[in-house]
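Each chain, written out:
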There are 2 protein chains.
Amino acid sequence: MRDHQAHQVMWHQIFPEPQRQGTTLQSQLRVRLVDAVLDGRLAAGIRLPSSRELADMLAISRNTVVLVYEKLAEDGYLENRPRNGYYVSERYLHQQPPTPAMAQPNPGAASHAVNWQARMQSEPPGIKWLDKPEDWQRHRYPFLYGQFDPSLFPIADWRECSRQALDVSSIRGWAPDAIDHDNASLVEQLIKRVLPRRGIAARRDEVLLTVGAQQALYLVSELLVPPGSTVAVEDPGYMDARNIFLRRGAQLVGLEVDCDGVQPDATVLARAQTLYCTPSHQCPTGITLSTERRLALLEWARHHDGVIIEDDYDAEMQYAGKPSPALKAIDHERRVIYIGSLSKTLSPGLRIGYIVAPAEVVLRLRVLRRLMIRHPATNNQLAAALFISHGHYDRFLHQMREELARRAALLIAAVRTHLPMMDFTAPDGGSALWGRFAPEIDTRLLRQAAFEQGILIESGEAFCLHDPGHFNCLRLGFSSIQAERIEPGIAALAALLPRCRRRSSAA
Amino acid sequence: MRDHQAHQVMWHQIFPEPQRQGTTLQSQLRVRLVDAVLDGRLAAGIRLPSSRELADMLAISRNTVVLVYEKLAEDGYLENRPRNGYYVSERYLHQQPPTPAMAQPNPGAASHAVNWQARMQSEPPGIKWLDKPEDWQRHRYPFLYGQFDPSLFPIADWRECSRQALDVSSIRGWAPDAIDHDNASLVEQLIKRVLPRRGIAARRDEVLLTVGAQQALYLVSELLVPPGSTVAVEDPGYMDARNIFLRRGAQLVGLEVDCDGVQPDATVLARAQTLYCTPSHQCPTGITLSTERRLALLEWARHHDGVIIEDDYDAEMQYAGKPSPALKAIDHERRVIYIGSLSKTLSPGLRIGYIVAPAEVVLRLRVLRRLMIRHPATNNQLAAALFISHGHYDRFLHQMREELARRAALLIAAVRTHLPMMDFTAPDGGSALWGRFAPEIDTRLLRQAAFEQGILIESGEAFCLHDPGHFNCLRLGFSSIQAERIEPGIAALAALLPRCRRRSSAA
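Residues numbered from 1 in each chain as written. Chains lettered and ligands numbered in written order. Predicted model: local features only at pLDDT ≥ 70, side-chain atom pairs only at ≥ 80, totals over all residues. Heavy atoms only, no water.

1. Side note on the overall build of chain A
Counting its regular elements, chain A contains 18 helices and 16 strands. Overall size of chain A, expressed as C-alpha extent along the three principal axes, is 90 × 55 × 55 Å. Residue burial in chain A is summarised as follows: out of 507 residues, 62% are buried. Considering only intrachain contacts with a sequence separation of at least 6, the fraction spanning at least 24 residues in chain A is 72%. Counting every atom, chain A has about 19,400 Å² of accessible surface; 51% of that belongs to carbon and sulfur. Here chain A contributes 58 positively and 57 negatively charged side chains, and the mean placements of these two sets differ by 3 Å. (Helix = DSSP H or I, 4+ residues; strand = E, 2+ residues; numbered from the N terminus. Buried < 20%, exposed > 50% of the residue type's maximum accessible area, 1.4 Å probe, protein only. Contact = heavy atoms within 4.5 Å. Areas by Shrake-Rupley, 256 points an atom, 1.4 Å probe, with all protein chains shown as cover. Lys, Arg positive; Asp, Glu negative; His and termini not counted. Charge placed at Lys NZ, Arg CZ, Asp CG, Glu CD.)

2. Details of the sheet that holds strand β4 (residues 207-210) of chain A
In spatial order, the strands read β4-β11-β10-β9-β8-β5-β6-β7 (chain A); together these eight strands make up an open sheet with mixed pairing. Two strands close off the open sheet at either side, each with one partner strand: β4 and β7 (261-262) of chain A. (Pairing = 2+ DSSP bridges.)

3. A look at the environment of Glu484(B)
Residue and element names in this part refer to chain B. Among the structural elements, Glu 484 can be located in helix α18 (residues 483-496). Judged by its relative accessible area of 56%, Glu 484 is exposed. The sequence separation of Glu 484 and Val 220 amounts to 264 residues, and the corresponding C-alpha distance is 41 Å.

4. Notes on the pattern of salt bridges
Scanning all chains against the criterion turns up 69 salt bridges over all chains. Glu222(A) is paired through a salt bridge with Arg248(A); the nearest N and O atoms lie 3.9 Å apart. Taken together, the positions of Glu222(A) in helix α10 (residues 212-224) and Arg248(A) in the loop between α11 (239-247) and β6 (251-258) put the pair 26 residues apart, joining distant regions of the chain. Judged on exposure class, the residue Glu222(A) and its partner Arg248(A) are both buried. Put simply, Asp35(A), Glu188(B), Lys192(B), Arg193(B), Arg197(B), Arg204(B), Glu316(B), Asp394(B) and Arg401(B) are held in one network by salt bridges that share partners. (Salt bridge = Lys/Arg side-chain N within 4 Å of Asp/Glu carboxyl O.)

5. Observations concerning the sheet that holds strand β15 (residues 458-459) of chain B
Residue and element names in this part refer to chain B. Reading across the sheet, the four strands line up as β12-β13-β16-β15 and stay open at both edges, with antiparallel pairing between neighbours. The open sheet is flanked by β12 (423-424) and β15, the only strands paired with a single partner. Bridge analysis of strand β13 (residues 432-436) against strand β16 (residues 473-477) gives five bridges, and the strand direction is antiparallel. Bridging across to β16, Ala 432 finds its partner in Gly 477.

6. Focus: the pairing of strand β11 (residues 353-356) of chain A
Residue and element names in this part refer to chain A. Side-chain alternation along β11 places Gly 353 and Ile 355 on one buried face and Tyr 354 and Val 356 on a second face that is also buried. Across four bridges, the pairing between β4 and β11 is antiparallel. Looking across to β11, one finds that Val 207 is bridged to Val 356. Bridge count for strand β10 (residues 336-341) against β11 is four bridges, and the pairing is antiparallel.

7. What about the domain arrangement of chain A?
Under the domain assignment, chain A is made up of domain 1 (2-95), domain 2 (136-146 + 395-506) and domain 3 (172-390). Put simply, the middle of domain 1 of chain A and the middle of domain 2 of chain A, counted by C-alpha atoms, are 52 Å apart. (Domains from an automatic or database assignment.)

8. Remarks on the relation of the copies chain B and chain A
For the pair chain B and chain A, the best superposition has an RMSD of 0.0 Å and corresponds to a rotation of 180° with a translation of 0.0 Å parallel to the axis. On the angle and the small slide along the axis, the relation comes out as a two-fold axis. A shared interface surface links the copies, since 100% of the contact residues of chain B are contact residues in chain A too. (Least-squares fit on C-alpha atoms with pLDDT ≥ 70 in both.)

9. Comments concerning helix α2 (residues 25-38) of chain B
Residues and elements named next belong to chain B. The end-to-end C-alpha distance of α2 is 20 Å, a good match for the 20 Å that 14 residues give at a rise of 1.5 Å each. Burial analysis of α2 places 11 of its 14 residues in the buried class, which makes it a mostly covered element. Within the span of α2, buried status applies to Ser 27, Gln 28, Leu 29, Arg 30, Arg 32, Leu 33, Val 34, Asp 35, Ala 36, Val 37 and Leu 38. In the stretch just after α2, Gly 40 is the one whose phi turns positive, near 85°. (Expected span 1.5 Å × (residues − 1).)

10. Focus on the packing of α10(A) against α11(A)
Residue and element names in this part refer to chain A. Where α10 contacts α11, the axes come no closer than 10 Å and their chain directions differ by 30°. Here α10 lies roughly parallel to α11, going by the angle between them. For the element pair α10 and α11, the recorded crossing hand is right-handed. Each of Gln 214, Leu 217, Tyr 218 and Ser 221 in α10 lies in contact with α11, whose residues at this interface are Asp 240, Ala 241, Ile 244, Phe 245 and Arg 247. Of the residues belonging to the contact of α10 with α11, the class tally is five nonpolar, two polar and two charged. (Axes fitted to C-alpha atoms, helices over the stretch in contact; angles between N-to-C directions. Parallel < 35°, antiparallel > 145°, perpendicular 65-115°, else oblique. Left-handed = near helix turned anticlockwise from the far one by under 90°. Nonpolar A, V, L, I, M, F, W, Y, C, P; charged D, E, K, R; others polar.)

11. Here's the deal with the interface of chain B and chain A
Listed per partner, the contact involves 130 residues of chain B and 130 residues of chain A. Taken together, both faces of the contact between chain B and chain A bury some 11,900 Å²; the carbon and sulfur share is 56%. Taken together, chain B and chain A are joined by 46 residue pairs in polar contact (both at pLDDT 80 or more). The biggest single contributor to the side of chain B that touches chain A is helix α14 (residues 359-373) of chain B, with nine residues. Grouping the amino acids of the side of chain B that touches chain A by side-chain chemistry returns 57 nonpolar, 35 polar and 38 charged. (Buried area = accessible area lost by both parts, 1.4 Å probe. Polar contact = N/O pair within 3.5 Å; in protein donor to acceptor, adjacent residues only side chain to side chain.)

12. With respect to the state of the cysteines
If you walk through the whole model with that rule in mind, you get zero disulfides over all chains. No disulfide involves Cys277(B); its nearest neighbouring cysteine sulfur is the one of Cys283(B), lying 12 Å away. (Disulfide = S-S within 2.5 Å.)

13. As for the environment of Leu465(A)
Residue and element names in this part refer to chain A. Looking at the element boundaries, Leu 465 is found in the loop between β15 (458-459) and β16 (473-477). Measuring from C-alpha to C-alpha, the distance between Leu 465 and Gly 349 comes to 28 Å, with 116 residues separating the pair along the chain. Those residues within four positions of Leu 465 in sequence are excluded, and the remaining contacts are Val 233, Asp 235, Arg 242, Leu 252, Val 253 and Gly 254.

What follows is the structure, encoded as structure tokens:
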């Protein structure tokens, strides 16, 4: 019997004040006990306080303590000695770390023996990032793009589908290594429910699931964009696509964007083998590409043996006018590689994207995906399939569109009132408004001044292909800001504008 | 009123016989109704059968129908007209696909206008895959490696953690785009609970989460293995690592493996800048590398400015002898890039791996990961963190080790009885046994013959660096075969051996 040791245990160190928010008290208590057992603070044989004593000590219900003790005894962390109490068990003791002498590498000694900088592949010039503050949810006016509003997330429906994906028979389906396979039901739902809305008829072997649209772009670039080849991109355009092409060693040429979308400039296109574009809602301007220009792009591809990468990242978010089908839908020569995503609708955190391409291309993309990551997490694939097949996705899109239309209207009204000098084209969909000021306004200064007031905006310069460019533009995202914050946010932003004139032409 | 149309609906096509297994009847009924509404078979205004009628028609409980109708009315798919019944609502009608003329690309016309084969990056020679039949769970004797036994998966505990990860406050944490961040609690659990068992002390900025060990290897190779450089690999060794290095354009040189693990052959190592190895349980032989050889490898790295990639993919599965710490634990010059994974323990489907490396390397790997996928699915990161912090992981490891030790003993006994001519080294851990027959036995023939009898084995040839090699070897995995199947499986395999002699030396 070693229970005399119990008196030496600093119980108040093991159980600090429980937190009244966040995880449950049961969960907090369990985590602390497990911690103390596994790191040796509670050695085997130590007797725990009685449930009454511990409940008093922590000012929590005795039942909470009883439930945690019982479960830990069942799991082998504690041992229940009838009429005597709970004791720390010996069961997991052999899991202690190996000899401490080995455990501590000497960080001082020769920690810079390797010249890592010289060994690492160098970053290509021209890479640009759009950084969002990690704590953006805490800012008052987050006019950010690509994030989502937690108050819109369909928590109950998603939870129901996740729960179904945790059925015993479902787990058997997703837990094994799927090697290079995709969840058949998710592929089916995309083909039956999602792609037809974009006018796309696809076969199973023409679809590949990816870890978000980001991986889709990366895979397509690795397979189809040879180093040294030329890619035409929109300017202003999506910097992460440019980054991927630059890293691949491609040359970039820019196509200008006006109020009909990207301009199919024949001189620029003639130099390119590949075109990357966002026809549904151009990134970052939100403008929908006109039919005439769509036909011109396809025409270029036919005459120059070109390939088009269509990034349809948020096409489902159409709320005004008639939805125009994807470029892929009128691609009779099958020169379009289509990229879609559930990130802008369901949530970016789940990382679900997809590629639609000719079967022979999908076959090779699948091999590359296997090499790169094997496959995306299978439990999320199944939960997403259930979410779509049960009609939650369509319902959610409906709600999102209504909400985004409402916010777009509020934003446009607020801009017309407070920022009448800002030039913009009202979007038919998407969740951002691109604005342009007179050339003497510098939105990099505005972004900084706004940040200090809790207003998060994106300055246009990050989207330009060649510096300096679009420094008088900005993007106002409205997927993460609540409707009632829009008008006061724009009013506060407008007040900062007079301070944000360019200091010099070189700035 | 258009409810006369209801009589023309082919209800038995919309509701075929419900399945008595798999998803619940409620879920099946909902999926079918949503399907019919969204694809237009049930047009707006159609009146549904009464709950009693439908329940009778499908021979299911009326309550099931009532619950589905009520929920669909709440979700806007149906409309409840009091004292009149449920009608299909108009709400989601605008979500119909765009004009069908656009929807059907002409697949015949010019579908091969693009010469995709010529455009796609060619596959490097030497790539080899180990293919597992997709339906392996249905084979009687799956001596496969790297899969898992669904009967061991900690379903209840994992479900509890997933449920906690679906709390409102948790969803707010994981649903946004994390850009390049990792879940802080999972990183903390790895540092506090998992890595110390390997003798590794790591700081937060030295850890990066990945989509399984596969992505970890791919990232490290992209950043640290320049095209044209030479990587020393184990022979026999892990083919997916070789594939990644080959695709990167590296040269491979092979180090032989004996009963003490990989041989630190100075002549071979002198040609390499990077070494890839699996010291804990060598892949595929399962042998633990001796301390003397570990020191020799570190010595090589110091003298030749070499970098070692340590793949510790299943180190937690140690069940005999004292666990030896990772090579990384005695890496005083910090030349070891360490790769770990939860795939071989928790489940491959969740895709959780990690890298431990100097902070400056992790920083650059993080940039590359952002470009490639942004980040791994965040909901799984949180669920895994909860699983570890609540003590489920340690308990599960304990169970897994006991079960694997039991299976290893059964397998070794069965091999000694039925395959006495097979040479092998009993492993201290891992979940596979590597065996060698006399040179006249061809395990490629054995693999094929076994497959026809429902026995899945892996022939050694897939692991060799230069063909033909190790054609008289095989790997018997025991993580996915149930204990009671081991002995009969080996007996059945032994019966096939006489048929599997090499036909000619060129075979």
